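Remarks on the overall topology
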Amino acid sequence: MADEKRDVVANVHYGGDYRHELERARETGECIFCAERFRALELFRERDWFLVPNQYPAKDREDQPAAFHLLFVSREHRDDTAPLAARDWAQIEVLRSWADSKFGITGGCLFLRVGKAEVCGRTVRHPHVHYYVPRMVPDRSGGLRPVPIDIAVG
Amino acid sequence: MPRTPTHSFSRYMSASGRNKKVVVNPAGAKGNRYRKVLEDIQRTGVCPFCPENFKWHTHPILKRNGHWLITRNFNPYKNAEHHFLIVNDEHMEEFRELGERDWREITALIRWAIAKFKIKGGGIAMRFGDPTHTGATVSHLHAHLIVPTVKRGRTLPVWFPFG
């Protein structure tokens, strides 16, 4: 099993704790998303997918973590280069709806990388979809404005 | 655990104090030319992604599959070798409105583009919710397929802004 999982990390271009975690996964061959300690973060699950908070949430332009950065993760460790099937999206929608109700989310951005990791910038070689929700801060007109998050493709 | 937001999108109020239905969001445009086009569209009050109003989109439709089509983005992001939009011919704005048939049709178009343009890798993104909060320029639901440029073996990242 360790031999099959040797190539579990693609890019180690982040810093800090996440980089350490990626480097450790590369050395041990243990997929981060398969690990017990990761699975223990599960918030909700469907048959083939589960929902977790990203332990290293994306930072926005004010260098603060996004209001929410959730991950939909496949329960099966499998080829992650191809676009997802309709049945995957149907389950992700159930998880997303649950998250929206649970956390009061009324809009966001879904994002996933496809194809070769060296082109798309994927770090963990395990099917997963990101769900970003920006922070809202007061603006000058007395309303609210989002603080943008820039998602890197590549 | 994620933090609970102190405000929700649905309570956003415009400067005039009225909730406004947003069809296009010029403030989210990247580039003056595109912003001007959106301001023109905003004056008409119609949705530019609905088939009867698609005239502002000057790129050809590359392929259709069921209720969805794929075309190039009028205003591609910097460093993108390809930047496609996948758009529904029915007006919908909420992610929850998509059914399995939609995902089959969207996925088929993405696979078609990957094969047709020999795409080695990229990202698929979809914003939904109030576009003045998500950075979407058009509230009509659509997906982006973004392919970064690879130059001399090095990938030049495309930054997809959200919010």
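Structure: above.
Counted residue by residue, strand β4 (residues 121-128) of chain B has 8 buried out of 8 residues, so it is predominantly covered. One ladder, built from 8 bridges, connects strand β4 (residues 108-115) of chain A with β4 of chain B; its direction is antiparallel. If you follow arginine 113 of chain A over to β4 of chain B, its bridge partner there is glycine 123 of chain B. Bridge analysis of β4 of chain B against strand β5 (residues 142-151) of chain B gives 4 bridges, and the strand direction is antiparallel. Bridge pairing in β5 of chain B places alanine 125 of chain B opposite histidine 144 of chain B.

The biggest cluster of nonpolar side chains holds 41 residues, and the ones touching the most others in it are Leu70, Phe72 and Trp89 of chain A. Listed in part, the 16 residues of the second largest apolar core include Val24, Val37, Cys50 and Phe74 of chain B.

This brings us to the pattern of salt bridges. All names here are of chain A. With the rule as written, the count across this model stands at 16 salt bridges over all chains. Across the pair glutamate 23 and arginine 19 runs a salt bridge, and its minimum N-O distance is 3.1 Å. Separated by 4 residues within a single helix, glutamate 23 and arginine 19 lie in helix α1 (residues 16-28), roughly one turn from each other. Assessed through its relative accessible area of 30%, glutamate 23 is described here as partly exposed. Across the pair arginine 122 and aspartate 80 runs a salt bridge whose closest N-O atoms are separated by 3.1 Å.

Rules behind the numbers
Residues numbered from 1 in each chain as written. Chains lettered and ligands numbered in written order. Predicted model: local features only at pLDDT ≥ 70, side-chain atom pairs only at ≥ 80, totals over all residues. Heavy atoms only, no water. Buried < 20%, exposed > 50% of the residue type's maximum accessible area, 1.4 Å probe, protein only. Helix = DSSP H or I, 4+ residues; strand = E, 2+ residues; numbered from the N terminus. Pairing = 2+ DSSP bridges. Core = buried A, V, L, I, M, F, W, Y, C linked by side-chain atoms within 4.5 Å. Salt bridge = Lys/Arg side-chain N within 4 Å of Asp/Glu carboxyl O.

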